[in-house]
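Below are the chains, spelled out letter by letter.
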Amino acid sequence: MIPSEPEKLNLNTKESRSGAPHPKTFFIKTFGCQMNVHDSERMSGLLMDSGAIPVENPEEAEIILVNTCTIRDKADQKALSDLGRLRRIRKEGGILAVTGCMAQREGEELFRMVPDVDLLLGPSQIRNLIPLIERTSSGEKHVDGTVLPLPEMTTPPAFRPEGATAFVTVQEGCDKACAYCVVPSTRGPERSRPVEDILQEIRDLVNLGYREITLLGQNVNGYGKKEMNGNGAFFTLLQKIHEIPGLKRIRFTTSHPVDMSEALVETMKSFPRIMPHLHLPLQSGSDSVLCRMRRGYTVEEYRYWAKLLRREIPGISLTTDLIVGFCGETEEEFLETCRAVEEFRFDGAFSFIYSPRPSTPAYALDTMPPRDVSVKRLERLQAQIESQSSEINRLMEGSIVEVLVEKWDPETGVAIGRTPQFRNVKTKVSGYTPPPFPGDLISVRIESSSKTGIRGTAIRIIG
Ligand code: 5AD
Ligand code: SF4
């Protein structure tokens, strides 16, 4: 049976020479998306709650976790090469665990590929981490947590780095079935977290000094759609979060075009602490490719949302994800993507070459363009995106923006933080006593922008 709360066990099992309990040390290496970064924070929270202490160096760690991603083949290769390195430096008698999406996808095959691995854990099984470590510690070989039944959703305590910004999970898993995507099989079906849990976690974070939160979910704007448990829609969740005193900024990622709503746009427009930035993956600018990808929308439908957002929320930043070289992509279909990038004036875009993933609907198709064609297409697309976003950055020169300070370096007098549109700015701050602290808002005049970033000078500390 799976416990309904993460199990608390004491990992301080070994005795030190003084007879006092000797805490276990751990090190987590993280690959992949923000969701994975936050999963590592949650695993750190569980381990620390059980008495273990984090160390900076894997050589010193008794428990090493490699939190993997498997979205593209390159992600697998990175994690495997790191595993090869870590397996050589692991401590005698220590634990080497592979967690995350690659662990879930490969399952016990990973034990065959890297026999030194002691423990596997999928992203939906995080709260079983401690009991599984206990099983490994008591001598069981090759403990496979990826075969456990999916627990109902809970968020274990997370250990976050100190700072102004924090991630908060509102939804796990994914019910979409994009033909290229491995995530529904690694993270399981969509589950939305109860509203009250989310609000309480954010209140606690504000009390700890965090000032900006980013809500995480695979299709975050589809929050609450599936469950009839009174969670309500995503826009109502945003409105409730907006009421929390002391919280300065709210962000969320990733949104899906199919789950967009006028009510969400209206909420983003009317609630000032919801930041004017939407990451809305388009994937392709060609209807035929979108159909083969099983994305569930057309370019015209995407255009509706892009236009509405630009009209209702002036200055909004719209960013996206794009895939080139998907099965059967012709030159003309690729050019449709380039035209869409121009038309939608994306402020930024992540772009990738399609990578076939085992167990996805598109895996069986072998109609991809030749690799060298896809490489060239990606280069062309990235050059276009870069030139568009440099142009947008250049237009910011001379303007005044509000930056939330994330880091402050008293040696150089430079504050690093983001604009509401999520642009990173390095700000020279001089003549202010006290200087800005992480979590403070400052008014900044933008002086310059280049490939290395946007720079400005503070003209007021808002606090
Ligand atoms: N190949 C290439 N890119 C992919 N993505 C997801 N699956 C694949 C794949 N098999 C991209 C999509 C998604 C982003 C997180 O990764 O653009 O939005
Ligand atoms: Fe994140 Fe997807 Fe990679 Fe899993 S496979 S870590 S969900 S990007």
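Residues numbered from 1 in each chain as written. Chains lettered and ligands numbered in written order. Predicted model: local features only at pLDDT ≥ 70, side-chain atom pairs only at ≥ 80, totals over all residues. Heavy atoms only, no water.

Undergrad: So what about the site of ligand 2? Which residues, and what values?
TA: Residues in contact with ligand 2, as listed here, are Cys33, Asn36, Cys69, Thr70, Ile71, Cys101, Val183, Arg187 and Gln218. A class-by-class count of the residues in the shell around ligand 2 yields five nonpolar, three polar and one charged. (Near = heavy atom within 4 Å. Nonpolar A, V, L, I, M, F, W, Y, C, P; charged D, E, K, R; others polar.)

Undergrad: Go over the site of ligand 1 with me, naming the residues and quoting the values.
TA: Residues in close proximity to ligand 1 include Ile71, Arg72, Tyr180, Gln283, Asp321, Ile323, Phe352, Ile353, Tyr354, Ser355 and Arg357, which together make up its full environment. Residue Tyr180 places a main-chain N or O atom 3.0 Å away from a nitrogen atom belonging to ligand 1. Here an oxygen atom of ligand 1 and a side-chain polar atom of Gln283 are 2.7 Å apart. Of all elements in the fold, only strand S15 (317-324) and strand S16 (348-353) reach the threshold of two or more residues within the shell around ligand 1. Its residues assigned to classes, the shell around ligand 1 comprises six nonpolar, two polar and three charged. (Polar contact = N/O pair within 3.5 Å; in protein donor to acceptor, adjacent residues only side chain to side chain. Helix = DSSP H or I, 4+ residues; strand = E, 2+ residues; numbered from the N terminus.)

Undergrad: Can you break down the domain arrangement of the protein chain residue by residue, with the values?
TA: Splitting the protein chain by domain gives domain 1 (14-147) and domain 2 (400-461). For domain 1 versus domain 2, the distance between C-alpha centres works out to 37 Å. (Domains from an automatic or database assignment.)

Undergrad: Let's hear about the packing of aromatic side chains: which residues, and what values?
TA: Applying the stated rule across the entire model yields eight aromatic pairs. Judged by centre distance (6.2 Å) and plane angle (70°), the ring pair of Tyr302 and Phe346 falls under edge-to-face. Pair noted here: Tyr302 is in helix H11 (residues 299-312) and Phe346 is in the loop between helix H12 (331-344) and S16, with a separation of 44 residues, a long-range link. Classification of Tyr302 by relative accessible area gives buried; the value is 0%. Here the aromatic cluster, defined as three or more aromatic residues joined through ring pairs, consists of Tyr297, Tyr302, Phe344 and Phe346. Arg72 extends its terminal NZ or CZ atom over the ring of Phe352, reaching a point 3.6 Å from the ring centre. In this arrangement the basic side chain of Arg418 is found over the ring face of Phe422, its NZ or CZ atom lying 3.9 Å from the centre. (Phe/Tyr/Trp six-rings, centres within 6.5 Å; stacked < 30°, edge-to-face > 60°. Buried < 20%, exposed > 50% of the residue type's maximum accessible area, 1.4 Å probe, protein only. Lys NZ or Arg CZ within 6 Å of the ring centre and 35° of its normal.)

Undergrad: Give me helix H13 (residues 371-395): which residues, what numbers.
TA: Along its 25 residues, H13 runs 36 Å from first to last C-alpha, staying within 8% of the 36 Å computed at 1.5 Å per residue. Residues of H13 that are buried: Ser374, Arg377, Leu378, Leu381, Gln384, Ile385, Gln388, Ser389 and Asn393. Turning to H13, the residues buried within the fold contact S15, H12, S16, strand S20 (441-450) and strand S21 (453-461). (Expected span 1.5 Å × (residues − 1). Contact = heavy atoms within 4.5 Å.)

Undergrad: Just give me the short version of the sheet that holds strand S7 (residues 119-121), but keep the residues and values in it.
TA: If you trace the six strands from one edge of the open sheet to the other, you get S4-S3-S5-S6-S7-S8, paired in parallel fashion. The sheet is open, and its two borders are formed by strand S4 (53-54) and strand S8 (143-144), each paired with just one other strand. The sheet contact formed by strand S5 (residues 63-68) and strand S6 (residues 95-100) spans six bridges and is parallel. Residue pairing across strands places Ile64 opposite Leu96, the latter belonging to S6. Along the sheet face, helix H1 (residues 34-49) touches strand S3 (25-30), S4, S5, S6 and S7 and points at about 175° away from the line of S3. (Pairing = 2+ DSSP bridges. Axes fitted to C-alpha atoms, helices over the stretch in contact; angles between N-to-C directions.)

Undergrad: Residue-level account of helix H8 (residues 234-242), with values.
TA: Buried within H8 we find Phe234, Leu237, Leu238, Ile241 and His242. An end-on view of H8 places all buried positions within 140° of arc, on one side of the element. Residues of H8 that are buried sit in contact with helix H7 (195-207), strand S12 (212-216), strand S13 (249-253) and helix H9 (262-270). (Arc of directions from axis to C-beta.)

Undergrad: Break down the packing of H9 against H11 for me, with residues and values.
TA: Between H9 and H11, the shortest axis-to-axis distance is 10 Å and the interhelical angle comes to 25°. Between H9 and H11, the angle falls in the class roughly parallel. For the pair H9 and H11, the crossing hand works out as right-handed. Only Tyr304, Trp305, Leu308, Leu309 and Glu312 of H11 make contact with H9, whose side of the interface consists of Glu262, Val265, Met268 and Lys269. Counted by class, the contact of H9 with H11 contains six nonpolar, no polar and three charged residues. (Parallel < 35°, antiparallel > 145°, perpendicular 65-115°, else oblique. Left-handed = near helix turned anticlockwise from the far one by under 90°.)

Undergrad: Give me the lowdown on the side chain of Ser124, citing residues and values where you can.
TA: Looking at the secondary structure, you find Ser124 in the loop between S7 and helix H5 (129-137). Take Ser124: its relative accessible area is 10%, and that puts it in the buried class. A distance of 3.1 Å separates a polar atom in the side chain of Ser124 from the backbone oxygen of Arg187.

Undergrad: Give a detailed account of unusual backbone geometry, specifying residues and quantitative values.
TA: Of the consecutive residues Thr253 and Thr254, the connecting peptide bond is found in the cis state with omega at 0°. Mapped onto the fold, Thr254 is located in the loop between S13 and H9. The omega torsion across Thr433 and Pro434 is -5°, close enough to zero to call that bond cis. One non-glycine residue with positive phi stands out, namely His142, at about 45°. Along the chain, His142 falls in the loop between H5 and S8. Phi at Phe422 takes a positive value of approximately 80°, unusual for a residue other than glycine. If you trace the backbone, Phe422 turns up in the loop between strand S18 (414-418) and strand S19 (424-428).

Undergrad: Pulling in residues and values, what's your account of the confidence of the model for the protein chain?
TA: On average, residues of the protein chain score 93 in pLDDT, and 94% of them reach the 70 mark or higher. Long-range and interchain partners of residues 15-20, a stretch whose pLDDT sits below 50, account for four contacts in this model, where long-range means more than four residues apart. (pLDDT = per-residue confidence, 0-100.)

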